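Spelled out from the first residue to the last, the chains are:
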Amino acid sequence: MSDLPFGFSHGDDDDRGRGDKPGGSGGNDPFGFGAGGAGFDPASLGQMLSSLGQMLSGMGQGMTGGGSGPVNYDVAKRLARQQLGKTVPPVSGGAATAVADAAHLAELWLDDATTFPAGATSTVAWTANDWIEKTLPTWQRLCDPVAQQISGMWTAGLPEEARDMAGPMMGMLGQMGGLAFGSQLGQALGQLAKEVLTGTDIGLPLGPAGTAALLPTAISEFSEGLEQPESEIMVFLAAREVAHQRLFVQVPWLRQQVLGAVEDYARGITMDFSALEDAARNLDPTALTDPSKLEEILAQGSFEPQTTPEQKQALDRLETLLALIEGWVQVVVAAAVGGRLPGAGALAETLRRRRATGGPAEQTFATLVGLELRPRKLREAATLWQRLTDDAGIAARDGVWAHPDLLPDAGDLDAPAGFIDSVIGGGAGAFDDPLAQLAATEAAEREAAAGKRDSGADAAEDSGGEQRPDSDPEDPESGKK
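Residues numbered from 1 in each chain as written. Predicted model: local features only at pLDDT ≥ 70, side-chain atom pairs only at ≥ 80, totals over all residues. Heavy atoms only, no water.

Trainee: Can you tell me about the side chain of threonine 200, naming the residues and giving the values?
Mentor: Relative to the helices and strands, threonine 200 resides in the loop between α6 (167-193) and β2 (211-214). Excluding anything up to four places from it in sequence, threonine 200 contacts Glu241, His244 and Gln245. (Helix = DSSP H or I, 4+ residues; strand = E, 2+ residues; numbered from the N terminus. Contact = heavy atoms within 4.5 Å.)

Trainee: Break down the pattern of salt bridges for me, with residues and values.
Mentor: Under the counting rule described, the total for this entry stands at 14 salt bridges. Arginine 141 is the salt-bridge partner of glutamate 263, the closest N and O atoms lying 3.0 Å from each other. With glutamate 263 in helix α9 (residues 254-267) and arginine 141 in helix α4 (residues 128-156), the pair connects residues that are 122 residues apart, well separated along the chain. Residue classification places glutamate 263 among the buried residues on the basis of a relative accessible area of 10%. The exposure class of arginine 141 is partly exposed, given its relative accessible area of 27%. (Salt bridge = Lys/Arg side-chain N within 4 Å of Asp/Glu carboxyl O. Buried < 20%, exposed > 50% of the residue type's maximum accessible area, 1.4 Å probe, protein only.)

Trainee: Please provide a residue-by-residue account of helix α7 (residues 216-223), values included.
Mentor: Here α7 has its buried residues at Pro216, Ala218, Ile219, Phe222 and Ser223. Here the buried residues of α7 occupy an arc of 155° about the axis, which is enough to place them on one side. Looking at the buried residues of α7, the elements they touch are α3 (93-110), β1 (122-125), β2, α8 (230-250) and α13 (344-356). (Arc of directions from axis to C-beta.)

Trainee: Run through the packing of aromatic side chains, naming residues and quoting values.
Mentor: Inspection of every chain in the model, using the stated rule, returns 4 aromatic pairs. Aromatic side chains phenylalanine 116 and tryptophan 328 sit 5.8 Å apart centroid to centroid with 50° between the ring planes, which places their arrangement in the tilted category. Residue phenylalanine 116 is located in the loop between α3 and β1, and its partner tryptophan 328 is located in helix α12 (residues 309-337); the two are separated by 212 residues in the primary sequence. Exposure class is identical for phenylalanine 116 and tryptophan 328. Each is buried. Residues tryptophan 385 and tryptophan 401 carry aromatic rings whose centres are separated by 5.4 Å and whose planes lie at 20° to one another, so their mutual orientation is stacked. Placement of tryptophan 385 in helix α15 (residues 378-392) and of tryptophan 401 in the loop between α16 (394-399) and α17 (410-414) is noted, with a sequence separation of 16 residues between them. This pair shows no difference in class: tryptophan 385 is buried, exactly as tryptophan 401 is. (Phe/Tyr/Trp six-rings, centres within 6.5 Å; stacked < 30°, edge-to-face > 60°.)

Structural data, given as structure tokens:
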């Protein structure tokens, strides 16, 4: 989990001066063919093609499946399951019943804490293998953009005269990249599957929509060493899971907003491929008998991601949105179970620290997408939702989710008073119909603009169409000062 794919690191230093060295290769010439193709050597390209061909032919057909996409998901799934061991015991009948009962009880308690009705259409008890299988489609959506970016940049750096000759090599490089990324994905998911407690444990809607999922084996291991009984911990985690489901299901745009922010971040990734030439020259086809060797090759390249302004904006949106989601869930669950489960406060703090200290979720995202998934303003978001609940009520608080434009932004999390005043000033029904609110705002603006035009016309008429009473020519006193 510590090795990042394609040499991802958390540094922002993109200027290493490699392109300035004589004979070196900069970020615009990753294959070392020379600027503008001036130094293109067909013999070098042929050697690279030969090496890559021998490498891929030695991998065997079993490693080249997984479809035509940028990531080999067959390899990812196989390696993830291998990390879990040869046998993963199924969920027992008693554990499945305990999960269903905990979720049912949590749903009843949540009814008094939020206006959103139950969102989960099914409650399931997953094994770690189930989690891998059911969340892989969402991981595919999140990982494909960055893999496609990397694959596209490999061809973008070639001189134009070399692109026709490099066609076969691009196909082989695509397979190599798909295997490498699939290997990284498999290792990361295998580790994460051992530790996640629920379907939304990392704050993202990874599982099927409307499915509340708990992993009883992981919950039992998590409960060891804690003072609360495992049954109470199960109910508390079930409350968090079904609260997430209420939010993601009853706020239709939210799932797309969250996953879309991750996709936007991934699409903006750019790389410095100045070390690719050295990596290609040092390929050892005979040593590549399994996909893990590909990680070593690509890690030697040390391809550094470069943060763009668009990525920064996407990251800010994602961090704020995740903080708002987690803060809302924290407030709602505390209201629902706080008086019923004596250890609810301690459990909430345990989970908050687990999330904030860089747990498996953050490591996985840093590994797969070069993204640190940590909502830094979780406490601020929870404080805002709690104050809004106290001052405006549950209905007004939940009404803020009616439209993405109504949500507080990062500045509101730092200084929530103004946002809370705007909600209270608008009344509890101000957020019930965001389209009506927008229409009313536009109408007010039109009326104000019309008023300005009328005032201007009246002023023009007064100045040009009539004489002022104090300047009446028939009044002998009118000209006196």
